[in-house]
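Here's the letter readout for the chains.
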Amino acid sequence: MSAIRPWAQARLTDKTVSVIVGVGDLLMCGVLLLMSIGVLGAEPTTGAEETAAWHRAGELYVGWLLGGTILFAVSGMTRSLLAHVAMMLMSPVIVFVLMVVPTLR
C-alpha cells in the first residue's frame with residue numbers, strides 16, 4: 001500500500017467529516033458549558049470550586065480546539081479544519097443564544 005492512499009481517502013471523506021465535526025463541536029461546547037456551571041459533575045458550592053470548574057472547562061475547550069486543529073491540518077482535511085475552527089469559535093455564542101432565546105417568550 002502506498003503512503004499516499006490514506007491521505008487521498010481522508011480528502012475524499014472530508015465533506016462528510018466536516019458536518020460531523022461541526023455537530024460534535026457544538027455538542028462538546030454545550031457539555032463544557034453545563035460542566036462549568038455545575039449541571040454536569042459535582043456542583044460547585046464555593047467560589048474556589050466555581051473557579052476550578054471554569055478553569056477545567058476552559059482547559060478542555062482549548063485542548064479540544066488545538067487537538068482538532070492539529071489533527072485536521074496534518075491529515076489535510078481542509079473543510080473539516082475550517083468547520084472545526086469556526087464551530088469552536090462560534091459555538092459558545094450559539095449555545096448562549098439557544099439557552100437565552102427560549103426564556104424570552
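Residues numbered from 1 in each chain as written. Predicted model: local features only at pLDDT ≥ 70, side-chain atom pairs only at ≥ 80, totals over all residues. Heavy atoms only, no water.

Participant: Quick question: what am I supposed to make of the side chain of serine 18 here?
Facilitator: Take serine 18: it is sitting in helix α2 (residues 14-37). A relative accessible area of 11% means that serine 18 is categorised as buried. Leaving out residues up to four positions away in the same chain, serine 18 has contacts with Arg79, Ser80 and Ala83. (Helix = DSSP H or I, 4+ residues; strand = E, 2+ residues; numbered from the N terminus. Buried < 20%, exposed > 50% of the residue type's maximum accessible area, 1.4 Å probe, protein only. Contact = heavy atoms within 4.5 Å.)

Participant: How should the nonpolar core be read in this particular structure?
Facilitator: Among soluble globular proteins, nonpolar side chains are generally buried collectively. Within the largest apolar cluster, 6 residues are counted, these being Met28, Cys29, Leu32, Tyr61, Leu65 and Met88. Counting residues per element, this core draws most heavily on α2, which supplies 3 residues. Excluding residues that lie within four positions of it along the chain, leucine 32 makes contacts with Ala57, Leu60 and Tyr61. (Core = buried A, V, L, I, M, F, W, Y, C linked by side-chain atoms within 4.5 Å.)

Participant: I would appreciate a short explanation of a nonpolar patch on the surface in the present structure.
Facilitator: Taken together, the side chains of Val31, Ile37, Val39, Leu40 and Trp54 present a nonpolar region at the surface, about 460 Å² in accessible area. One can find tryptophan 54 in helix α3 (residues 47-75). (Patch = residues over 30% accessible without salt bridge, like charges linked within 9 Å, V, L, I, M, F, W, Y side chains within 5 Å. Areas by Shrake-Rupley, 256 points an atom, 1.4 Å probe, with all protein chains shown as cover. Salt bridge = Lys/Arg side-chain N within 4 Å of Asp/Glu carboxyl O.)

Participant: Please clarify how the environment of valine 19 should be interpreted in this entry.
Facilitator: Assignment of secondary structure puts valine 19 in helix α2. In the structure, valine 19 is positioned 61 residues away from serine 80 in sequence and 7.7 Å away in space, judged by C-alpha atoms.

Participant: Where do I start with α2 in this structure?
Facilitator: Each α-helix winds once per 3.6 residues, and so residues spaced three or four apart point in a common direction. Over its 24 residues, α2 extends 34 Å from the first C-alpha to the last, a length consistent with the 34 Å expected when each residue adds 1.5 Å. Just beyond α2, the residue with positive phi is glycine 38, at close to 95°. (Expected span 1.5 Å × (residues − 1).)

Participant: Hey, could you run me through the packing of α2 against helix α4 (residues 78-100) in this one?
Facilitator: Packed helices, taken two at a time, are described by the angle between their axes plus the distance between the axes. α4 packs onto α2 with a crossing angle of 35° between their chain directions and a minimal axis gap of 8 Å. Classified by chirality, the crossing of α4 by α2 is right-handed. Of the residues in α4, those touching α2 at Asp14, Lys15, Val17, Ser18, Val21, Gly22, Asp25, Leu26, Cys29, Gly30 and Leu33 are Thr78, Arg79, Ser80, Ala83, His84, Met87, Met88, Ser91, Ile94, Val95 and Met99. Counted by class, the contact of α2 with α4 contains 11 nonpolar, 7 polar and 4 charged residues. (Axes fitted to C-alpha atoms, helices over the stretch in contact; angles between N-to-C directions. Left-handed = near helix turned anticlockwise from the far one by under 90°. Nonpolar A, V, L, I, M, F, W, Y, C, P; charged D, E, K, R; others polar.)

So, to be careful, I would describe these as geometric facts and stop short of saying anything about function.
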